[in-house]
Amino acid sequence: MFKLLQIDASNSQTLTAALQSAFTGEPASLLIASGNVASMQALQGLSTPERYARNWIACSSCLGAASSAGVDQSSDRRLTLMAITDPGGSYGVASVAQTEGLIAQQAAATVQKAIARAGRPAELPALIWCMQAPGFEEQIITGIQQVVGDQVPILGGSAADDEVTASWCQFDGEQLARDLLVIAVLYPTVAISSYFSSGYSNQPFSGTVTAVNGRRVVEIDRKNALQVYNGWLQHYGLPAQQPGQVISDCTFYPLGRQLAARDIPFSLLSLPTHIHPDGSIETLSEIQPGDVVTLMSGSKEQLVRRASHVVKVASDNLRLRHDTEPAAALIVYCAGCMLVLRDQIQQVQQSLSEALPDIPYLVAFTFGEQGCFADGYNRHGNLMISALLFGRPQQENL
Amino acid sequence: MTTPELWQEKILQLTYEKQQLEQFRHLNELLSSGLAAILSSEQHDTLFSKLFDVVNDVIAYDAILIVQLAEDQRKAQVLASAPATLEPAALNIDANCPLFQQDLNLFNLAMLDWWQQQLLPLTAGYQSALTYPLHTPQSSYALILLSRRLGAFSANSAAILRSFSTFIASTLSQLEKRKLQEERDKLRAQQHRIEQSLLRQEKMAAIGQLAAGVAHELNNPLGFIYCNLNTLKHYLAQYDSFIGHSLSEHPDLAAKASALQLDYIRQESQDLIEESLAGARRARDIINNLRTFSHPDEKTMQDIDLCSLLKDTVRIAQTQVKHNARLVLDLPDIPAMLHGNTTQLGQVLLNLLVNANQAITNGKGEIRLILRSDSGQWLLQITDNGNGIAEQAVAHIFEPFFTTKPVGQGTGLGLSLSRAIAEQHGGSLTLASTSSAGSCFELKLPALETR
């Protein structure tokens, strides 16, 4: 039912040849694909993608993807695909080019279209998986929930490129573009389980956001946001941040919005990407005035260990709630974290392989992660890891 | 990761898992306590209300209903619902409806054409639904939970409902079992009545044969007793004439006659003869009636005077009725002629009279029989001042084997057979009125002139 493929995507011809060899029978129900931007380009020349899968959803991953088959190098030209063949289930994909100001409406219409394509009108999907260009994820979640309510888990990741130059791309089975929102609705015949976590630590510095401009935090406690942030960093002897791109510098010291899941406090992370000349801090997720933000800290050790930790929690849930073992996994891992861990990313892959022994899994490194927290709410965050596990088909459990 | 943060995340995870386990424990408790409560429910409504309470403990809903597929699989009906505003109604859905095929978590009912066409207006105002098909050995059902909120039910709710399915199916099976038991008890009672009826019929047939034989055997001696009494009466008249004549011609015999009380003997002898003749006539009538009611040829149709038949029947019934009620006959001056079977119509009249008598329990009743001509028909009204017929029994009194009498005391066939006989004669038998002051039955039979 689940098949992981690593396919040569040097160009459309090699990609087609590899797909033809891999898919000789009925097309898969859903193909989820990821790879670096250069590899994704090969999808553009694919003449009959429907021959291999009835539904496609793909997005570019920073420096390539990782999987149970290994970790891509930035020079690799290959795509990693997770093929789901589930004739008893239903799957549908739809997409739209994102238009600022209309995102929620677009997301609502697109999820309706995906449900219609799955042939399950009005029926709540078990899961909604979305891949999109970064920038409007909160509005996308809002739009989807306007249609289906708030009881279905929404997971996925925002497309990433290698150098944060907005060259990321998405593929919906028909077109490859930089600004797509691609939504897949899944009605699988197997159980699913998911978990969404950061694993960063709270530090004793916090303030209330008092002014924002889009995704820019302008003021904290009515003071210039950069000054407040640099003041917090100073306590750790860290250099003050200057206007410009700061994504790598801030990966270990993001801002955390304080939330609570079933009485246990937890943080939803926002990664600073740019410091603007006016001292406002731009992040990869929305922070609202009134939100209490805390300085968070992470470490390489944490980032290496937490992927397998998240997968383990999701596996335990699968066993506890559905009495089944995992059969496949889709993981979205923050690209910012991956970049600071580049030398140790093999360790992350190994820990995942230990947590998912002989189980196919695909990891995309993204610029924004969507998942469902322990409190049951769908959220978009940064520096997060989102794991979706599929259970075994019923006869395999016997 | 620092130790406090590791612990915090671990606590979050354990809390999450603990809540899962608690949910399962809660579910198990509900299932066991709920099942006990449901199994102890005697009433249909209580049973469903307890079931719905148990479901509501774990899945929040605004309304709930159970739809049952009809036996012909072409329609369905609401078996139970809460709140009561969901009126039970016949639904135009068949066995192919998705409700009976698979479990559904529907986030927006307005998007579903078949739902809008087949389940409105029953579910108007509700936006989302969680449904589950249930199949028992007897029938197919669909459990439907409704919410006024869009996408109100989670996959977890659907899983809980799935885990409840056996429990709910058990409840429905319990209900079916009770219905089957009721059916079985009803059939047993019916079978008992049929057996009693057959026994009674056999007994009646034997009594009828015996009565016919006895009537035949008695008829001959009674014939010559009657004949001899008439002859004796004639002879006595001659003796009396001779004694009168002798006493007037020989006055000296007067003293002798007086000593012998001849005047008294003469008068008493006439009275004795008259009384004996009256007794013989009554015995003849009784034998004739017995022969009429045990006549083997029940298909014989003949011209009958309903007045005479009524009088004969009253005479037979009188032995039973006279200690309990007064019989009042209001008959036309002319013969009420009709074409019919004397035995069968006599049976109808006797049955109506016996029923009227049994409705009177105070020993001071009155049964009034009024026969009138009415638009080419004879209309007989039999009115009693008894206890009347219970409201719930009125609809069933003409059904075969329906009886309000204890098992063994009534066949439940009397009124149904009487109506059948009336209809075979082109007439009708109806209950005109009933109340605690008594009942009135109307028997209509075509008058001979109009046939």
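Residues numbered from 1 in each chain as written. Chains lettered and ligands numbered in written order. Predicted model: local features only at pLDDT ≥ 70, side-chain atom pairs only at ≥ 80, totals over all residues. Heavy atoms only, no water.

**Some words on the overall build of chain B**
(1) Moving on: A count of helices and strands for chain B gives ten helices and 13 strands.
(2) Moving on: Looking at chain B residue by residue over its 451 residues, the buried ones come to 39%.
(3) Moving on: Counting contacts in chain B only where the partners sit at least 6 residues apart, residues at least 24 apart contribute 65% of the total.
(4) Moving on: Counting only carbon and sulfur atoms, one obtains 53% of the accessible surface of chain B, whose full area is about 25000 Å². (Helix = DSSP H or I, 4+ residues; strand = E, 2+ residues; numbered from the N terminus. Buried < 20%, exposed > 50% of the residue type's maximum accessible area, 1.4 Å probe, protein only. Contact = heavy atoms within 4.5 Å. Areas by Shrake-Rupley, 256 points an atom, 1.4 Å probe, with all protein chains shown as cover.)

**Comments concerning the packing of helix 7 (residues 306-321) of chain B against helix 8 (residues 342-358) of chain B**
All names here are of chain B.
(1) Moving on: At a minimum axis separation of 9 Å, helix 7 and helix 8 run at an interaxial angle of 40°. Classified by the interaxial angle, the pair formed by helix 7 and helix 8 is oblique. The two elements helix 7 and helix 8 cross, and the hand of that crossing is right-handed. Across from Leu306, Leu309, Leu310, Thr313, Val314, Ile316, Ala317, Gln320 and Val321 in helix 7, the residues of helix 8 making contact are Thr342, Leu345, Gly346, Leu349, Leu350, Leu353, Val354 and Asn357. (Axes fitted to C-alpha atoms, helices over the stretch in contact; angles between N-to-C directions. Parallel < 35°, antiparallel > 145°, perpendicular 65-115°, else oblique. Left-handed = near helix turned anticlockwise from the far one by under 90°.)

**What about the packing of aromatic side chains?**
All names here are of chain A.
(1) Moving on: Throughout the structure, instances matching the rule amount to nine aromatic pairs over all chains.
(2) Moving on: Judged by centre distance (5.5 Å) and plane angle (85°), the ring pair of tryptophan 56 and phenylalanine 171 falls under edge-to-face. Of this pair, tryptophan 56 sits in strand 3 (residues 56-60) while phenylalanine 171 is found in strand 10 (residues 170-171), placing the two residues 115 residues apart along the sequence. You'll find tryptophan 56 and phenylalanine 171 in the same group, each marked buried.
(3) Moving on: When the ring of tryptophan 168 is compared with that of phenylalanine 367, the centres are 6.0 Å apart and the planes differ by 85°; the resulting orientation is edge-to-face. Taken as a pair, tryptophan 168 in the loop between strand 9 (154-158) and strand 10 and phenylalanine 367 in the loop between strand 24 (361-366) and strand 25 (369-372) lie far apart in primary sequence, 199 residues in all. (Phe/Tyr/Trp six-rings, centres within 6.5 Å; stacked < 30°, edge-to-face > 60°.)

**Some details on helix 7 of chain B**
Structural remark: α-helix, 3.6 residues per turn; residues separated by three or four positions point the same way.
(1) Moving on: Of all the bends in helix 7 of chain B, the largest measures some 30° and sits at arginine 315 of chain B.
(2) Moving on: You can read the cap of helix 7 of chain B off the contacts: a side-chain oxygen lies 3.0 Å from the backbone nitrogen of cysteine 307 of chain B, and it is on aspartate 305 of chain B. (Bend = angle between axes of the 7 residues up to and from the residue. Polar contact = N/O pair within 3.5 Å; in protein donor to acceptor, adjacent residues only side chain to side chain.)

**A closer look at the sheet that holds strand 6 (residues 140-147) of chain B**
(1) Moving on: Ordered in space as 3-2-1-6-5-4 (chain B), the six strands form an open sheet in which the pairing is antiparallel. One side of each edge strand has no neighbouring strand; the edge strands of this open sheet are strand 3 (90-91) and strand 4 (104-106) of chain B. (Pairing = 2+ DSSP bridges.)

**Here we look at the pattern of salt bridges**
Pairs may arise between side chains of opposite charge once their charged atoms sit close together.
All names here are of chain A.
(1) Moving on: According to the stated counting rule, one finds 21 salt bridges over all chains in the structure shown.
(2) Moving on: Here arginine 215 ties to glutamate 138 by a salt bridge, and the two come within 2.8 Å at their closest N and O atoms. One end of the pair, arginine 215, is in the loop between strand 14 (201-213) and strand 15 (216-220); the other, glutamate 138, is in helix 4 (residues 137-148), and 77 residues separate them in sequence. Like glutamate 138, arginine 215 is buried.
(3) Moving on: Between glutamate 301 and arginine 305 there is a salt bridge, with the nearest N and O atoms lying 3.3 Å from each other. In this pair, glutamate 301 and arginine 305 both sit in helix 6 (residues 300-322), four residues apart, roughly one turn of the helix. (Salt bridge = Lys/Arg side-chain N within 4 Å of Asp/Glu carboxyl O.)

**With respect to the environment of aspartate 330 of chain B**
Residue and element names in this part refer to chain B.
(1) Moving on: Looking at where aspartate 330 falls in the secondary structure, it is placed in strand 8 (residues 325-330).
(2) Moving on: Spatially, the C-alpha atoms of aspartate 330 and phenylalanine 107 are 75 Å apart, while their sequence positions differ by 223 residues.
(3) Moving on: Those residues in contact with aspartate 330, other than ones at most four positions away along the chain, are Leu369, Ile370, Leu371 and Arg372.
(4) Moving on: Of the polar contacts made by the side chain of aspartate 330, one reaches the side chain of arginine 372; its length is 2.9 Å.

**A short note on the nonpolar core**
(1) Moving on: Trp129, Ile331, Tyr333 and Phe390 of chain A are the most contacted members of the largest nonpolar core, which has 98 residues in total.
(2) Moving on: Taken domain by domain, the makeup of this core includes at least three residues from each of domain 1 (2-197 + 302-397) and domain 2 (201-297) of chain A.
(3) Moving on: By size, the runner-up hydrophobic cluster in this structure holds 37 residues, among which are Ile304, Ala325, Ile382 and Leu445 of chain B. (Core = buried A, V, L, I, M, F, W, Y, C linked by side-chain atoms within 4.5 Å. Domains from an automatic or database assignment.)

**Structural notes on the state of the cysteines**
(1) Moving on: Per the counting criterion, the structure on display carries zero disulfides over all chains.
(2) Moving on: With no disulfide partner, cysteine 250 of chain A has as its closest neighbouring cysteine sulfur the one in cysteine 334 of chain A, 12 Å distant.
(3) Moving on: Cysteine 250 of chain A gets classed as buried once you look at its relative accessible area, which sits at 0%.
(4) Moving on: No disulfide involves cysteine 307 of chain B; its sulfur sits 18 Å from the nearest other cysteine sulfur, which is in cysteine 440 of chain B.
(5) Moving on: When its relative accessible area of 4% is taken as the criterion, cysteine 307 of chain B is described as buried. (Disulfide = S-S within 2.5 Å.)

**Some remarks on the sheet that holds strand 6 (residues 78-84) of chain A**
Within a sheet, adjacent strands bond to each other through the backbone by hydrogen bonds, running parallel or antiparallel.
All names here are of chain A.
(1) Moving on: Sheet architecture is open: six strands sit in the order 1-6-2-3-10-11, paired in mixed fashion. The open sheet has two edge strands with one neighbour each: strand 1 (2-8) and strand 11 (176-177).
(2) Moving on: For strand 3 and strand 10, the ladder comprises two bridges, and the chain directions are antiparallel. When the bridges of strand 10 are listed, alanine 58 appears paired with phenylalanine 171.
(3) Moving on: Packing of helix 1 (residues 12-22) onto the sheet brings it into contact with strand 1, strand 3 and strand 6, and relative to strand 1 it is tilted by some 150°.

**Describing unusual backbone geometry**
(1) Moving on: Geometrically, the link from alanine 82 of chain B to proline 83 of chain B is a cis peptide bond, its omega value of 0° lying close to zero.
(2) Moving on: Tracing the backbone shows proline 83 of chain B in the loop between strand 2 (76-82) and strand 3.
(3) Moving on: Cis rather than trans, the peptide bond between leucine 120 of chain B and proline 121 of chain B has omega equal to 5°.
(4) Moving on: Secondary-structure assignment places proline 121 of chain B in the loop between helix 3 (113-119) and strand 5 (128-135).
(5) Moving on: For leucine 63 of chain A, which is not a glycine, the phi torsion comes out positive at approximately 65°.
(6) Moving on: In this fold, leucine 63 of chain A is placed in the loop between strand 3 and strand 4 (66-67).
(7) Moving on: Its relative accessible area of 14% is what places leucine 63 of chain A among the buried residues.

**Side note on the pairing of strand 8 (residues 127-132) of chain A**
Residue and element names in this part refer to chain A.
(1) Moving on: Most of strand 8 sits out of view: six of its six residues are buried.
(2) Moving on: A two-sided burial pattern is seen for strand 8, the buried positions comprising Leu127, Trp129 and Met131 on one face and Ile128, Cys130 and Gln132 on the other.
(3) Moving on: As paired elements, strand 8 and strand 12 (residues 180-187) share six bridges and run antiparallel to each other. Residue pairing across strands places isoleucine 128 opposite valine 185, the latter belonging to strand 12.

**Topic: the domain arrangement of chain A**
Residue and element names in this part refer to chain A.
(1) Moving on: Per the domain assignment, the segments making up chain A are domain 1 (2-197 + 302-397) and domain 2 (201-297).
(2) Moving on: One C-alpha centre belongs to domain 1, the other to domain 2, and the line joining them spans 28 Å.
(3) Moving on: Across the boundary between the two partners, domain 1 contributes 23 residues, which contact 22 residues of domain 2.
(4) Moving on: For the domain 1 face of the interface with domain 2, the top three residues by lost area are Glu138, Asn382 and Leu383, together amounting to 30%.
(5) Moving on: Inspection of the region where domain 1 meets domain 2 yields two salt bridges.
(6) Moving on: At the junction of domain 1 and domain 2, the tally comes to nine residue pairs in polar contact (both at pLDDT 80 or more).
(7) Moving on: For the side of domain 1 that touches domain 2, the secondary-structure elements that each account for two or more residues are helix 4, helix 6, helix 7 (335-340) and strand 26 (378-381).
(8) Moving on: Taken together, the residues that form the side of domain 1 that touches domain 2 break down as eleven nonpolar, seven polar and five charged. (Buried area = accessible area lost by both parts, 1.4 Å probe. Nonpolar A, V, L, I, M, F, W, Y, C, P; charged D, E, K, R; others polar.)

**A few points about the packing of helix 3 (residues 103-118) of chain A against helix 4 of chain A**
All names here are of chain A.
(1) Moving on: Between helix 3 and helix 4, whose axes approach to 7 Å, the crossing angle comes to 50°. With respect to their mutual orientation, helix 3 and helix 4 come out oblique. Seen along the crossing, helix 3 lies across helix 4 with a hand that is right-handed. In this structure, helix 3 uses Ile103, Ala104, Ala107, Ala108, Val111, Gln112 and Ile115 to contact helix 4, whose residues at the interface are Gln139, Ile140, Gly143, Ile144, Gln146, Val147 and Val148.

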